[in-house]
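Structural characterization, general
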Amino acid sequence: MTNIEKYEHWLKIAAYDLETADFMLKSKRYVYVAFTCEQAIEKLVKALHVLYTGNESPKSHNILYLFELIFKNDEYYNKITADDFDENVKKYSSLFTRLHSYYIAERYLDYKRRISESLDEKICIDLLKETKEAFKWLTSLKTYWK
């Protein structure tokens, strides 16, 4: 597979996860709204990693770390000509960190329960809205790859 084919594959499953978050919100399964939002952004950042670097993404769920692996590198950062890039990095870095806290490993059932207790409809509506905004911005970064 080429880098663009790998990117498209990651993008497709990331978009599926984002759509799943909508369904989980409708069914009031809030822990899964948060988890699928995390998965959507993580997979999209991994897609960008493959696209920009030509390498498979490291096995990490830390979205901010994965994002910074790409765009803290001058070779890739200098390709971005959008005036609002740094502003968006600041804006979405806190979301990336928050989403990382919603990553659920199956073996941590107590953690899953605590996350579930901390979420409600309003929090998840806001989280999903912000995730969709970040998703749109991240997909726009494809245009700078060459």
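Keep in mind it's a predicted model, so treat the numbers as computed, not measured.

Quick look at the packing of helix α1 (residues 3-26) against helix α7 (residues 121-140)
Remark: α1 packs on α7, axes separated minimally by 11 Å, with the N-to-C direction vectors making an angle of 160°. The orientation of α1 with respect to α7, classified from their angle, is roughly antiparallel. For the pair α1 and α7, the sense of crossing is left-handed. Mapping the contact onto sequence places Tyr7, Leu11, Ala14, Ala15, Leu18, Ala21, Asp22 and Leu25 in α1 and Glu121, Cys124, Ile125, Leu128, Thr131, Lys132, Phe135 and Thr139 in α7. The residue makeup of the contact of α1 with α7, split by class, is eleven nonpolar, two polar and three charged.

Thoughts on unusual backbone geometry
One non-glycine residue with positive phi stands out, namely Lys28, at about 65°. Mapped onto the secondary structure, Lys28 falls in the loop between α1 and α2 (30-53).

Notes on helix α3 (residues 63-71)
Along α3, the residues classified as buried are Ile63, Leu64, Leu66, Phe67, Ile70 and Phe71. Down the axis, α3 shows its buried residues gathered within 160° of arc, on one side only. In this structure, the buried residues of α3 make contact with α2, α4 (74-77), α5 (85-100) and α7. Of the residues flanking the start of α3, the one acting as N-cap is Asn62, its side-chain oxygen 3.3 Å from the backbone nitrogen of Leu64.

The rules behind each value
- Residues numbered from 1 in each chain as written.
- Predicted model: local features only at pLDDT ≥ 70, side-chain atom pairs only at ≥ 80, totals over all residues.
- Heavy atoms only, no water.
- Axes fitted to C-alpha atoms, helices over the stretch in contact; angles between N-to-C directions.
- Helix = DSSP H or I, 4+ residues; strand = E, 2+ residues; numbered from the N terminus.
- Parallel < 35°, antiparallel > 145°, perpendicular 65-115°, else oblique.
- Left-handed = near helix turned anticlockwise from the far one by under 90°.
- Contact = heavy atoms within 4.5 Å.
- Nonpolar A, V, L, I, M, F, W, Y, C, P; charged D, E, K, R; others polar.
- Buried < 20%, exposed > 50% of the residue type's maximum accessible area, 1.4 Å probe, protein only.
- Arc of directions from axis to C-beta.
- Polar contact = N/O pair within 3.5 Å; in protein donor to acceptor, adjacent residues only side chain to side chain.

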